[in-house]
There are 2 protein chains.
Amino acid sequence: MNLNDCPLCLTDGGHCLYRGDHLRIIAPQELEFPGLIRVVWHQHLAEMTDLIPTQRSHLMMTVCIVEDIIRKVMQPDKINLAAFGNVVPHLHWHIIPRWHNDPYFPNPIWGAKQREVIEVQQEWRKNQEKQLMSAIEEYFVSHPQVS
Amino acid sequence: MNLNDCPLCLTDGGHCLYRGDHLRIIAPQELEFPGLIRVVWHQHLAEMTDLIPTQRSHLMMTVCIVEDIIRKVMQPDKINLAAFGNVVPHLHWHIIPRWHNDPYFPNPIWGAKQREVIEVQQEWRKNQEKQLMSAIEEYFVSHPQVS
């Protein structure tokens, strides 16, 4: 996979909440995973150690800012962080709010499904996701140094 | 779960390759996942954003050093990084070398198994794991500033 066929080179990968010089913050708005946010490095590199240390710090600082906003807005029981890239080897982080009663808990969201989610709860969390998206956009408008 | 019943407070969580003031590096030596290494924060905290920024940097710098050594010694096709803590909410990172022909690829190791591993290959990777463990120990002996 290279620049010509990588989906994260060809597209943003979801609704873009912030676009910096080196990375972007994406809300994929996946129905099953309300509040899941991705931080995508613009350049087509596969691993954290393909970045120089200052770039790694910038990326992880951004991941932590997103984690912090997710915790404040969505008040999950746990945060999951992951960078895999087995299917799309273009460096990107998943920041995932988890709840004890979400469909996959305590498994990672890539594991076996444990239960169906209650519809009213799903609705509530999808509403929270909208607030989350606004909160992330607002943060990065008012903190332009993180670019 | 608290200090009294948390397995990462009560035990190291595997063979300890390095013990710093704030974190330790563990080789769980799991048969199915040769080369999987964990970096465990000593203090019982759940999330990256429960740490102060200098602690986050120290932890991720250590994760990246381990990733770098894994890539050099085991030459995997991909590295997977994850911090979940759904079962044990005590901050720890998984650094996982992945190969196109490993049992779960391209799924995360928490996903559905895709194939059985070839025994001779497994044996070879378990040998590489021993070299990896030595390399990590040696690195941290000769770089005591990372503690």
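These lines cover the structure that appears in this document, whether it is placed above or below. This is a predicted model, so every value here is computed, not measured. (Residues numbered from 1 in each chain as written. Chains lettered and ligands numbered in written order. Predicted model: local features only at pLDDT ≥ 70, side-chain atom pairs only at ≥ 80, totals over all residues. Heavy atoms only, no water.)

**Here we look at the interface of chain B and chain A**
Here is step 1 of the chain: At the interface, 30 residues of chain B touch 30 residues of chain A.
Here is step 2 of the chain: Ranking the residues of chain B by area buried against chain A places B:Lys78, B:Phe84 and B:Asn86 at the top, with a combined share of 25%.
Here is step 3 of the chain: Counting the contacts that link chain B with chain A gives 4 salt bridges.
Here is step 4 of the chain: With a closest N to O distance of 2.8 Å, A:Glu47 and B:Lys78 form a salt bridge.
Here is step 5 of the chain: Counting every contact that joins chain B to chain A gives 24 residue pairs in polar contact (both at pLDDT 80 or more).
Here is step 6 of the chain: By residue class, the composition of the side of chain B that touches chain A is 16 nonpolar, 6 polar and 8 charged.
Here is step 7 of the chain: Relative to strand β4 (residues 78-83) of chain B, strand β4 (residues 78-83) of chain A runs antiparallel, the two being bridged by 3 bridges. Of the residues in β4(B), the one forming a bridge with A:Ala83 is B:Leu81. (Contact = heavy atoms within 4.5 Å. Buried area = accessible area lost by both parts, 1.4 Å probe. Salt bridge = Lys/Arg side-chain N within 4 Å of Asp/Glu carboxyl O. Polar contact = N/O pair within 3.5 Å; in protein donor to acceptor, adjacent residues only side chain to side chain. Nonpolar A, V, L, I, M, F, W, Y, C, P; charged D, E, K, R; others polar. Pairing = 2+ DSSP bridges. Helix = DSSP H or I, 4+ residues; strand = E, 2+ residues; numbered from the N terminus.)

**Things to note about unusual backbone geometry**
Backbone geometry follows two general trends: most residues other than glycine have a negative phi, and most peptide bonds adopt the trans configuration.
Here is step 1 of the chain: The omega torsion across A:Phe105 and A:Pro106 is 5 degrees, close enough to zero to call that bond cis.
Here is step 2 of the chain: Note that A:Pro106 resides in the loop between β5 (92-98) and α3 (119-142).
Here is step 3 of the chain: For A:Gln75, which is not glycine, the phi torsion reads 40 degrees and is therefore positive.
Here is step 4 of the chain: Summarising the element assignment, A:Gln75 is placed in the loop between α2 (53-74) and β4.
Here is step 5 of the chain: You will see that B:Gln29, though not glycine, has its phi angle at about 50 degrees, which is positive.
Here is step 6 of the chain: Mapped onto the elements of the fold, B:Gln29 is located in the loop between β2 (23-27) and β3 (37-41).

By themselves, these figures tell us nothing about what the structure is for.
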